[in-house]
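A closer look at the structure
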Amino acid sequence: MSKKSSLLSDGMVNRTVSEQNIKESILHHLRYSLVHLPEQATPRDWWLALSLAIRDRITDDMSDTQIVHNRDNVRRVYYLSMEYLMGRMLINNAHNIGVYDDAKQAIEELGLDWEQICDEEMDMGLGNGGLGRLAACFLDSLATLDLPAIGYGIYYEFGLFKQEFQQGKQVEHPDTWLKYGTPWDIIRPEYSQTIQYYGRVETVFDSAGNARPVWVDTRSVMGVPFDIPVAGYDTKTVNFLRLWSSHSTEDFDLEEFNKGDYVEAVRSKAMGETISKVLYPNDQNANGKELRLVQQYFFVACSLADILRRFEKMNSNWTSLPEKATIQLNDTHPAIAIAELTRILLDDKHLDWDTTWDIVTRTFAYTNHTLLPEALEKWSVGLFEKVLPRHLQLIYEINHRFMGEVAQHWPGRNDILQALSIIEEGDHKMIRMAHLAVIGSHTVNGVAALHSQLLKTDLFPHFDQFYPGKFTNKTNGITPRRWLLNCNPGLVDLFKQYGINSEWPKHLEHLRKLENFLDDTVFLDAFMAVKHQNKVQLAAIIQKECGIEVDPSALFDVQIKRLHEYKRQHLTLLNILTLYRRVLNNPDMNMVPRVFIFGAKAAPGYALAKNIIYAINAVAEVINNDPRTQGKLKVAFLPNYRVSLASHIIPAADLSEQISTAGKEASGTGNMKLALNGALTIGTMDGANVEILEEVGPDNIFIFGLNVDQVQDLDRSGYNPHHYYHQDSELKAALDWLCSGHFSPHNSHAFDDIRYSLLDGGDPYKVMADYRAYMDCQQRVSDAYQDRPRWARMAVINTARMGKFSSDRTIQEYADEIWKLPAHSV
Ligand SMILES: *Cc1c(COP(=O)(O)O)cnc(C)c1O
């Protein structure tokens, strides 16, 4: 790795920290930052000292990156996301700046255990699932590709809740990730922003006698930025993630205070601090809560003010804003930015409407992440008017002008006007944030080929006709650094032994060379030996976390993702119950031993999802303690699924369950992580599974079930789940048994809701319709697993052909086709 000397330290290179020995740097931080002696230091102290030593080696490059970007007045992409699921950062940062081996050696020379020290780090879990993890992978790729980028989000004091099981039921605890502080943030009070909300709009006349709306009687709150450095892999570029923490403004409580109402003053002060307190734990579900709208506006307004401050330092003409700033909206959560930029340019900078709207629509692009109706954000007009009265007026104006254009395009078509309006009419008028995002952006993208197609044909057909070419696809990806280099050292060593060049973490397509060894049995055995070693390590985690002993030579069947009906963890449960019955009824049957491994959090308010967790745990309890399943079946539900746990499960997986109802999973990224680490996929024709199939070929993946067209046909012709239940005796027996009380002796009705949803509830996710195809496909999986050389070949082909799913490819496509953003080396 070649590193230029720091611009800041030109002429005094010897004094930069990167020239020091890491061990000395760790001891220095232990003594002077933590004020501990080595003899007293706990593992956490060592972890913190090590992290600070690594951070020192990043911050010079971070400063240089900003100096160069500012000096050259570069075009930047601003990524706006309510969620960033960063996970742990120590190992990733050490790898990316090229000091991993040195750091590990230093820790070992100090007589410490590397794994134990790294295990001290709390995950930075400021996201729910795929959407937040995508944002984190994108930041890694942006820096690695030397693209000038800043991520903006919220500095939640509590990230996604910590999950525990009590008698098999999910219990949530606050995620206190900041309890001992974090070494990775840098507070920047000098860039604080004060923003307004609530209040009302008045009309005043300016000195020329023109009526102007003014937003008055507002409340204010201050955003204080915390910057998280994001070091690229094998490059000097260090971008940053700027997260806003909310604080009350000083003048805010003055009036109450002077009235002598001290307690009320302090209470209202606490309101300001509440905004960034906690991440809403809903995945794929809109949330109509006032505080959520306030969170969205808070981070958007702070971020835009920061972006415009930076623009104004170097530029004087607002019409050139779209040349210097391109803003990507990660879902509709930050879509209020479209109205906020409109407000600033119109009300504060006094531009006219046409100029303003031209700037706005050349600045924004929007990524859609879902077609699920329950996840499409809508805000009630009444709530919006209360929190953001001026923005509501502007949204009406945007909509009015847009409706005029639509009426010209489709004269007399009131149905189309209604379908495209930002305002949903009805008893309760609602603002459709996706419509605002589509109208206010120059480009809209879906996150996998199938999803982007459905976006055009099913969700937004008239928008697509009205705006030809606006809708595009950018298939998601994952960073090969975190999801292979950091998490699977055994496989990385094997690549080295077989002369795979060390460029693969930046050029994932180079792993294609693994296919040269498909007929080399020594290589195939070595590949499977690495997998086995990873399974031994996961077995130890399962033992520790669940108290369950599992055999590493069994097939590890993994389903890790948020708990959702559309992801169909209950289909896997029906498979487990069916296999269990087969074992009991036919003890001499030849069967591939399986360990089912789950990881999943359910939204705290999603009762059926929580019930499915309880059901899986209840069935697991019975199966794991039934001597008749010995050596055949085990079920382990690991609590508190998160990025750091994923990093241990994924390298140990044999089979990757990607079994969503076709048309419901926009992309999935867990599917990519698992395939990259040599797990074979059993999956439906949904999301990026379709493209994984294209890459690996039909012989190296297990595809089953209804496709999108068949799902839609079933819905049109009147789907009846009872039909499948009565026709398939194994299915009927499995579901009846689950609900017999056998697995819930204290409450025979414990799982009635699952049964109801699958039968009388109409089975909206077609679990019953796909059951038999799934069971048959699982038999094909078992047959393949018994042919070890064949399985090994398939696994290697999966690892070898994941090049397309590097987030570097995804980000390069965004940069070339949406952002028109050139790289800028430091
Ligand atoms: C990758 C990832 C996800 C997304 O998984 P999907 O299977 O694509 O839903 C969710 N949570 C964590 C912790 C992840 O690492």
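Residues numbered from 1 in each chain as written. Predicted model: local features only at pLDDT ≥ 70, side-chain atom pairs only at ≥ 80, totals over all residues. Heavy atoms only, no water.

Here we come to the nonpolar core. Residues Ile54 and Phe384 are the most contacted members of the largest nonpolar core, which totals 145 residues. No other element matches the 12 residues that helix H9 (residues 290-314) contributes to this core. In contact with isoleucine 54, other than residues within four places in its own chain, are Leu90, Asn93, Ala94, Ile97, Val99, Ala103 and Trp184. Counting residues in each nonpolar core, the second largest holds 133 residues, with Leu454, Leu573, Phe702 and Leu758 among its members. (Core = buried A, V, L, I, M, F, W, Y, C linked by side-chain atoms within 4.5 Å. Buried < 20%, exposed > 50% of the residue type's maximum accessible area, 1.4 Å probe, protein only. Helix = DSSP H or I, 4+ residues; strand = E, 2+ residues; numbered from the N terminus. Contact = heavy atoms within 4.5 Å.)

The subject of this paragraph is the packing of aromatic side chains. Considering all chains together, one arrives at 34 aromatic pairs under this definition. Considering the side-chain rings of tyrosine 100 and tryptophan 114, the 5.5 Å spacing of their centres and the 90° angle between planes classify their relative orientation as edge-to-face. Here the residue tyrosine 100 occupies a position in helix H4 (residues 100-109), and tryptophan 114 occupies one in helix H5 (residues 114-118), the gap between them amounting to 14 residues. Overall, the relative accessible area of 17% leaves tyrosine 100 in the buried class. Overall, the relative accessible area of 4% leaves tryptophan 114 in the buried class. Note on phenylalanine 138 and tyrosine 814: the rings are 5.5 Å apart at their centroids and 65° apart in plane angle, and the pair reads as edge-to-face. Here phenylalanine 138, found in helix H6 (residues 130-144), pairs with tyrosine 814, found in helix H33 (residues 807-819); they are 676 residues apart in sequence, far enough to count as distant. Taken individually, phenylalanine 138 and tyrosine 814 each receive the classification buried, so the pair is uniform in this respect. (Phe/Tyr/Trp six-rings, centres within 6.5 Å; stacked < 30°, edge-to-face > 60°.)

We now examine the UniProt feature "modified residue: N6-(pyridoxal phosphate)lysine" (unreviewed entry) in the protein chain. Using the residue numbers shown here, the UniProt feature "modified residue: N6-(pyridoxal phosphate)lysine" (unreviewed entry) corresponds to Lys673. Classification of lysine 673 as buried rests on a relative accessible area of 7%. Among all residues touching lysine 673, those that are not within four sequence positions of it are Arg133, Ile478, Trp483 and Ile650. (UniProt positions renumbered as here; feature names shortened; annotations may be inferred.)

Looking now at the pairing of strand S1 (residues 76-80). Within S1, 5 of the 5 residues are buried, which leaves it mostly tucked inside the rest of the structure. Across 5 bridges, the pairing between S1 and strand S13 (residues 325-330) is parallel. By the bridge assignment, arginine 76 is partnered in S13 with alanine 325. Across 4 bridges, S1 lies against strand S4 (residues 149-154) in parallel orientation. The residue bridging tyrosine 78 from the neighbouring strand is isoleucine 150, located in S4. (Pairing = 2+ DSSP bridges.)

What follows covers the site of the ligand. Taken together, 13 residues surround the ligand, and among them Lys561, Lys567, Thr669, Gly670 and Lys673 come closest. Contact distances for the ligand include 2.8 Å between an oxygen atom and a backbone N or O atom of threonine 669. In isolation the ligand exposes 390 Å². Once the protein is present, 95% of that is buried. For the shell around the ligand, the per-class residue count stands at 4 nonpolar, 5 polar and 4 charged. (Near = heavy atom within 4 Å. Polar contact = N/O pair within 3.5 Å; in protein donor to acceptor, adjacent residues only side chain to side chain. Areas by Shrake-Rupley, 256 points an atom, 1.4 Å probe, with all protein chains shown as cover. Nonpolar A, V, L, I, M, F, W, Y, C, P; charged D, E, K, R; others polar.)

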